[in-house]
Amino acid sequence: MTLRLRFAPSPTGFLHVGGARTALFNWLLARKEGGVFALRIEDTDQERSSEEMVEAILAGLSWLGLDWDEGPFFQSLGIDRHRADVAALLERGAAYRDFTTPDELVRLRVDHPTRGLRFPREAAEALRPGEAEEKAAAGEPHAVRFRIPDGETVWEDRVHGKTRFRNADIEDLVLLRTDGTPTYNLAVASDDAEMRINLVIRGDDHISNTPKQILIYEALGHPVPGFAHVPMILGTDGKRLSKRHGATAIGEYAGQGILPEAMVNFLALLGWSPGTDEEVLTRDELVARFSLDRILKKSSVFDTKKLEWLNGQHLARKSPAELAPLLVESLPPGERERTEAWIESEPERFARLVRLLQPRSRSLTELAEQSRAYVLDPPQYDPEAEADFWLPDLEGATARLFALQEKLGEIETWEGAALERALRTLAEERGEGAAKLIHPLRVAVTGRAVSPGIFEVLMVLGRDRAMARIGTALDRLESLRNRRS
């Protein structure tokens, strides 16, 4: 039998971390077992659902690379089937009409606290035969409730093992509201049966819904699917992950320079173990190793630092060619065209730049920001860098850059060893440490106080651009001196 799984988000919000992790687990198992991964949009809450949220959910899944095999199906289009299922349950005596108003229900429960969860059933059963149908035909407002049977509901959860609920602890749940719209548990059971879903993987927060849905499956005569309830995701404070812990929507992480493969890797490790100490895993490796047997029962902690570390690892594995379009997309719109032109005109220099910056970057955003100092001319001078290495001794900084301009200009072959030899020779001639030359030079050619090794920087820039930047820096120093005088 083909394994059929589904992800069924509600379009009342963006695709959040917990939902993305649930989708991933379903997708991984479907791909591992050659099964079907279906997508259903649970949009029966028309007041809170929106097309914008639907598009955001689809975009989030696509960004993660979680392609679906069927759908998206929209739950709201199944409302006629939902009502037909309720009619069948009424016909079989598994459901009843409840004419109790919400206010009456509250009052009756307060006045008769020992009557338990089944009080609406007693009120319905007090009606004479056929009276409920007459009242309904006359248009009297009412809900339809499921008649919870006696006994207990038991299933073998694929994560938690044998799980049981006393039916006496479950209220006769509403199937249809007074406005004729289906409730969550009825719609989910009806839709899953229609879609032939035979394994439901979802969060632990749904575990109390499972006995209700099992009872509805059985009452309708549908096969009961298997269930696997995965642990919740917590913040570092041990509380359920929410906006107070930072970004929770997947789209926010995409905007922060997180790679989709890093997010997939990270989400997979939230509640699942590969069985080894390995942490950096590709999508194909995750598919090959994934199994429900290794899903943990304990809740997992969303550690942003761990995500950033994993992102840096995946970033370091990418080739310059793979990173080029991603890096350009991460830049401000006004800089993209110039950067693309530079990459196309000097692909080897770009490749050298990427390899230089990759070990220093944990996100595409960081990589793009660092690359700006090498791509854009003239460089933007960081005021703090100027304050640290130029402003305390403007005359000295100017003299050192003039000397460097002359010394570096004499180099025949612009390569690391020759550049280092020239700079250190100049430092000896001037009777000062090499750092006295390196710091103002770094600000001159990058605009920043911190960079990779200065000789690697000079090689990435190339002779012409490096010398031009030294000239620009000298003009800048003259301007600063004039302001002081």
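Each value, and the rule that gives it
Residues numbered from 1 in each chain as written. Predicted model: local features only at pLDDT ≥ 70, side-chain atom pairs only at ≥ 80, totals over all residues. Heavy atoms only, no water. Buried < 20%, exposed > 50% of the residue type's maximum accessible area, 1.4 Å probe, protein only. Helix = DSSP H or I, 4+ residues; strand = E, 2+ residues; numbered from the N terminus. Pairing = 2+ DSSP bridges. 1 Å grid on protein atoms, 1.4 Å probe; cavity = no way out; pocket = protein on both sides within 12 Å on 5 of 7 lines; lining within 4 Å. Points joined across faces, edges and corners; volume = space filled by probe spheres on them. Nonpolar A, V, L, I, M, F, W, Y, C, P; charged D, E, K, R; others polar. Axes fitted to C-alpha atoms, helices over the stretch in contact; angles between N-to-C directions. Polar contact = N/O pair within 3.5 Å; in protein donor to acceptor, adjacent residues only side chain to side chain. Contact = heavy atoms within 4.5 Å. Phe/Tyr/Trp six-rings, centres within 6.5 Å; stacked < 30°, edge-to-face > 60°. Lys NZ or Arg CZ within 6 Å of the ring centre and 35° of its normal. Salt bridge = Lys/Arg side-chain N within 4 Å of Asp/Glu carboxyl O.

Undergrad: Which parts of the structure should I look at to understand the pairing of strand β6 (residues 152–157)?
TA: Across a regular strand the side chains alternate sides, sitting on one face of the sheet and then on the other. By the alternation rule, side chains of β6 split into T153, W155 and D157, which are all buried, and E152, V154 and E156, of which none is buried. Adjacent in sequence and paired antiparallel, β6 and strand β7 (residues 161–166) are bridged by three residues.

Undergrad: Which parts of the structure should I look at to understand the layout of surface pockets?
TA: Gaps left between atoms show up when a probe the size of a water molecule is rolled over them. A volume near 870 Å³ is recorded for the largest pocket. If you list the elements that add at least two residues to the lining of the largest pocket, you get β1 (4–7), α1 (17–33) and β9 (199–203). At five residues, α1 tops the list of elements feeding residues into the lining of the largest pocket. Class assignment of the residues belonging to the lining of the largest pocket gives a composition of 13 nonpolar, 11 polar and seven charged.

Undergrad: Looking at this model, I keep getting lost on the sheet that holds strand β4 (residues 95–98). Mind explaining?
TA: Consider a sheet: its strands pair through backbone hydrogen bonds, and that pairing is either parallel or antiparallel. Strand order in the open sheet made by the three strands is β4-β5-β8, with antiparallel pairing throughout. Among the strands making up the open sheet, the edge pair consists of β4 and β8 (174–176). Strand-to-strand twist of the sheet, defined as the mean angle between neighbouring strand axes without regard to direction, takes the value 40°.

Undergrad: How should I be thinking about the side chain of H229 in this particular structure?
TA: In this structure, H229 sits in strand β10 (residues 226–230). On the basis of relative accessibility, which here comes to 0%, the residue H229 falls in the buried class. Of the polar contacts made by the side chain of H229, one reaches the side chain of D157; its length is 2.6 Å. Beyond its immediate chain neighbours, meaning those up to four positions away, H229 contacts W155, D157, V159, H160, R202, G203, D204, H206, I207 and T210.

Undergrad: Just checking my understanding: could you explain the packing of aromatic side chains for this structure?
TA: Each pair of aromatic rings is reported with the distance of its centres and the angle of its planes. Summed over all chains, the structure comprises eight aromatic pairs. Aromatic side chains W342 and F350 sit 6.2 Å apart centroid to centroid with 80° between the ring planes, which places their arrangement in the edge-to-face category. The same class applies to W342 as to F350, namely buried. The rings of F25, W272 and F290 are connected pair by pair, giving a single aromatic cluster. The side chain of K135 reaches across the aromatic face of F99, ending 4.9 Å from its centre.

Undergrad: Whenever I open this one, the pattern of salt bridges confuses me. Can you help?
TA: Any two side chains of opposite charge can pair, so long as their charged atoms come close to each other. Within this structure, the stated rule accounts for 36 salt bridges. A salt bridge links R40 to E42, with the shortest nitrogen-to-oxygen separation between them at 2.8 Å. Assigned by exposure class, R40 and E42 land together as buried. Bridged by salt links that share partners, the residues R6, R40, E42, R81, D191, D192 and E194 form one connected network.

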